[in-house]
Every structure is written in C-alpha cells, then in structure tokens.
Amino acid sequence: MLRLVLLADCLGAPAAADCRLALALAVDVSRSIDSQDYVIQTDGLAGALQDKDVRAAIFGAEGEVALAIYYWSGRGYQDLVQPWVILDSPEALDAAIWQVRRTPRPAAPLATALGDALNYGLDLMSDAPDCDRRVIDVAGDGRNNEGISVARTYERQDFTGITINGLAVGEHEADILDYYAREVIRGPGAFVEVAPRQSDYPQALRRKLLRELRGPMIGGLPLHLSQG
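Attention in this report is confined to the structure presented alongside it. Worth saying up front: this structure is predicted, and the values here are computed from it rather than measured. (Residues numbered from 1 in each chain as written. Predicted model: local features only at pLDDT ≥ 70, side-chain atom pairs only at ≥ 80, totals over all residues. Heavy atoms only, no water.)

## Quick look at the overall build of the chain
The condition that has to hold: Only DSSP runs of H or I reaching four residues or more are called helices, and only runs of E reaching two or more are called strands; each is numbered from the N terminus. Buried, partly exposed and exposed residues are distinguished by accessible area as a fraction of the type maximum, computed with a 1.4 Å probe on protein chains only: under 20%, between the cut-offs, and over 50%, respectively. All accessible-area figures derive from a Shrake-Rupley calculation using a 1.4 Å probe, and residue coverage is judged against the displayed protein chains alone.
Secondary structure assignment for the chain yields seven helices and six strands. For the chain, the N- to C-terminal ordering of α and β elements is β-α-α-β-β-α-α-β-α-β-α-β-α. Residues counted as buried form 52% of the 228 residues belonging to the chain. Element-wise, carbon and sulfur atoms account for 50% of the exposed surface of the chain, whose accessible area totals about 10,100 Å².

In structure tokens, the structure reads:
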C-alpha cells in the first residue's frame, strides 16, 4: 500500500531565486504496472534524469528548475518520492535520482485514480517554489477507473497557470493516446508524448523531459497535441 507523505515535514518549499520551471513528475504505479513494468519505469526515469542532454537542459539555461516526483494509483494513494528540490547542482539531481532508484514498488495492486492524482498534483503545486512555469507531467497506461473523474476534477479545481502534459503508454488499453489528448492534457502548450509499448517508456520520457525543460516553443519529433 502506498503511503501518503507530508511535504517536507511541513517546513514548506525551498526558496527559489530566478526559478524558470516547477516540474512535478506523476508516475502511474497502479495494478496494470507489473514488476517488470516497474523496473522499466524506474530505470527509465532515473536514466532520463541522468541523460547528458537532459542534464544540459536543466543546468544550461538561465534560471533554475524545481523538481518533485510522486507515484500514484488508487483513490487516496499517492507517494511523494521526491519533495520539492531546487536542482541547483549536479549533486542535487543525483540525490533525486537515488530517491527514485531506492523507492520500492507498492505491494498492493490498486486501481487507476487519475482524478485523485491530478488533485494531489494541484496540492503539491501550491507548495512549489515561485517559478515562471508550472508543469505536472502525468505518465499512465489507463483511463481513470476509480474515484473522481478527470473532467470533474477540472470542473471543481482551479488549475489556472498550470500545464498538464501526458505520457500515454499504449500497451494495455486501446486509444489511450486519444484519451490523454482529449481528457487529461490542459493549459498553455500542453502536449501528449506516446510510448506504444512499456519498453518505449524510457525514450519517450526522455523526449518529454527535454520538451518541458526547453519550454513550450521548442518542438520535438513525437506527436504534439495541445489543449487550452
């Protein structure tokens, strides 16, 4: 069972001077993600953050990047793997990568509560450092099947100023790309990246991170679907 973790022991987010991007990575660990898939996702996320081009995009541009990472599955089950951290040095990024690698796969097979995951991301953003852009990066392989719907979440909550991007993994459900494009992505410059199979996840995530780090005006090779 995933644990719900209090943010940084209620001490608040770190201060950010000239922060250009607050990026929250939301990773699906629901029951469709088996042990092999989890290893692919974990290695893919750690590898993407270690990639030389991704690191150059983090440290090479003017302004810093704030990062948070959480895993999500069923209703009320979110795990804050990495609280907000300013990536002001390679050591700070390496520590976040270590947090990803050391986090175990949840034992309980739970449903896909995507609306709850977005609500959690919104709350997490309220504690983010003050950055020019705010992005929630949601990766998943299935439609919402428990708890509040994505549409209802957007009706009830104010996501103004937050971009929701999607990484749709197409191995388990048909038309998951269309679902993410139609229901999930939101905000200025929002897009969907696609991984046709779970094995494509690492490269898809790398492409997605590069687009987010470089900003909405920098296009990439994969499918780009936006929604205001």
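From this point, the discussion proceeds with the structure in view.
## Considering the environment of Ala 113
Applied cut-off: Residues are treated as being in contact if the distance between any of their heavy atoms lies within 4.5 Å.
Here Ala 113 shows up in the loop between α3 (90-102) and α4 (114-126). Since its relative accessible area comes to 1%, Ala 113 is described here as buried. Non-local contacts of Ala 113, meaning those with residues more than four positions away in its chain, are made with Trp 72, Ser 73, Gly 74, Arg 75, Asn 144 and Glu 146.

## Considering the pattern of salt bridges
Under the convention used in this document: Throughout this description, the term salt bridge denotes a Lys or Arg side-chain nitrogen within 4 Å of a carboxyl oxygen of Asp or Glu.
Taken as a whole and assessed by the stated rule, the structure comprises twelve salt bridges. A salt bridge links Asp 53 to Arg 206; the shortest N-O distance between them is 2.7 Å. Of this pair, Asp 53 sits in helix α2 (residues 52-59) while Arg 206 sits in helix α7 (residues 201-214), placing them 153 residues apart in sequence. Judged by its relative accessible area of 27%, Asp 53 falls in the partly exposed class. Exposure remark for Arg 206: the relative accessible area of 19% places this residue in the buried category. When the shortest N-O distance is used, the salt bridge between Lys 208 and Asp 137 registers 2.2 Å. Here Lys 208 is found in helix α7, whereas its partner Asp 137 is found in strand β4 (residues 131-140), with 71 residues between them in sequence. Accessibility expressed as a relative area gives 0% for Lys 208, which makes it buried.

## A few points about α7
One turn of the α-helix equals 3.6 residues, which is why residues spaced by three or four share an orientation. Heads up, the condition is: Every helix has an expected span of 1.5 Å times one less than the residues it contains.
The end-to-end C-alpha separation of α7 is 20 Å, in line with the 20 Å expected for 14 residues at 1.5 Å each. Counting buried residues in α7 gives ten out of 14 residues, a clear majority hidden from the surface. Inspection of α7 places Tyr 201, Ala 204, Leu 205, Arg 206, Lys 208, Leu 209, Leu 210, Arg 211, Glu 212 and Leu 213 among the buried residues, and these make up the whole buried set. In the segment just after α7, Gly 215 is the residue with positive phi, at about 105°.

## Brief notes about the pairing of strand β6 (residues 192-195)
For clarity, the threshold we go by: Pairing between two strands requires that DSSP report at least two bridges joining them. The handedness of a crossover follows from its direction of travel: if, with the strands pointing away from the viewer, the path from the first strand over the helix to the second runs clockwise, the crossover is right-handed.
As paired elements, strand β5 (residues 162-169) and β6 share four bridges and run parallel to each other. Opposite Val 169, over in β6, you have Ala 195 as the bridge partner. With helix α6 (residues 176-184) bridging β5 and its parallel neighbour β6, the resulting β-α-β unit is right-handed.

## Points about the sheet that holds strand β2 (residues 64-72)
Note the threshold: Where helices are involved, their axes are fitted lines through C-alpha atoms of the stretch in contact, as for all axes, and angles between N-to-C directions lie from 0 to 180°.
Read across the sheet, six strands follow the order β3-β2-β1-β4-β5-β6 without closing on themselves; strand pairing throughout is mixed. Because the sheet does not close on itself, it has two edges, and the strands there are β3 (78-86) and β6. Neighbouring strand axes in the sheet, compared pairwise and without regard to direction, differ in orientation by 15° on average.

## Some words on unusual backbone geometry
In this structure, Asp 175 takes a positive phi of about 60° despite not being glycine. By the element assignment, Asp 175 lies in the loop between β5 and α6. Judged by relative accessible area, Asp 175 falls into the exposed class, the value being 53%.

## Considerations on the packing of helix α1 (residues 35-50) against α7
What counts is decided by this rule: Note on convention: near helix rotated counterclockwise from far helix by under a right angle means a left-handed crossing. Clockwise means right-handed. Amino acid classes used here: Ala, Val, Leu, Ile, Met, Phe, Trp, Tyr, Cys and Pro are nonpolar; Asp, Glu, Lys and Arg are charged; the rest, including Gly, are polar.
Look at α1 against α7: their axes get within 8 Å of each other, and the N-to-C directions meet at 35°. Remark: the crossing between α1 and α7 carries right-handed chirality. Residues Ile 40, Gln 41, Gly 44, Leu 45, Ala 48 and Leu 49 of α1 touch α7, and the partners they reach there are Tyr 201, Pro 202, Leu 205, Arg 206 and Leu 209. Residues that form the contact of α1 with α7 fall into these classes: eight nonpolar, two polar and one charged.

## Focus: the packing of aromatic side chains
Quick note on the threshold: Only centres within 6.5 Å qualify two rings of Phe, Tyr or Trp (six-membered ring in Trp) as a pair; their planes then separate them into stacked at under 30 degrees, edge-to-face at over 60, and tilted for everything else.
Overall, the coordinates contain four aromatic pairs when judged by the stated rule. Each ring, one from Tyr 38 and one from Tyr 71, has its centre 6.2 Å from the other, and the planes form 90°; the classification is edge-to-face. You can see Tyr 38 sitting in helix α1 and its partner Tyr 71 sitting in strand β2, a full 33 residues away along the chain. Residue Tyr 38 shares its accessibility class with Tyr 71, and that shared class is buried. With 5.1 Å between their ring centres and 85° between their planes, Tyr 154 and Phe 159 make a pair best called edge-to-face. Here Phe 159 falls in the buried class, since its relative accessible area comes to 4%.

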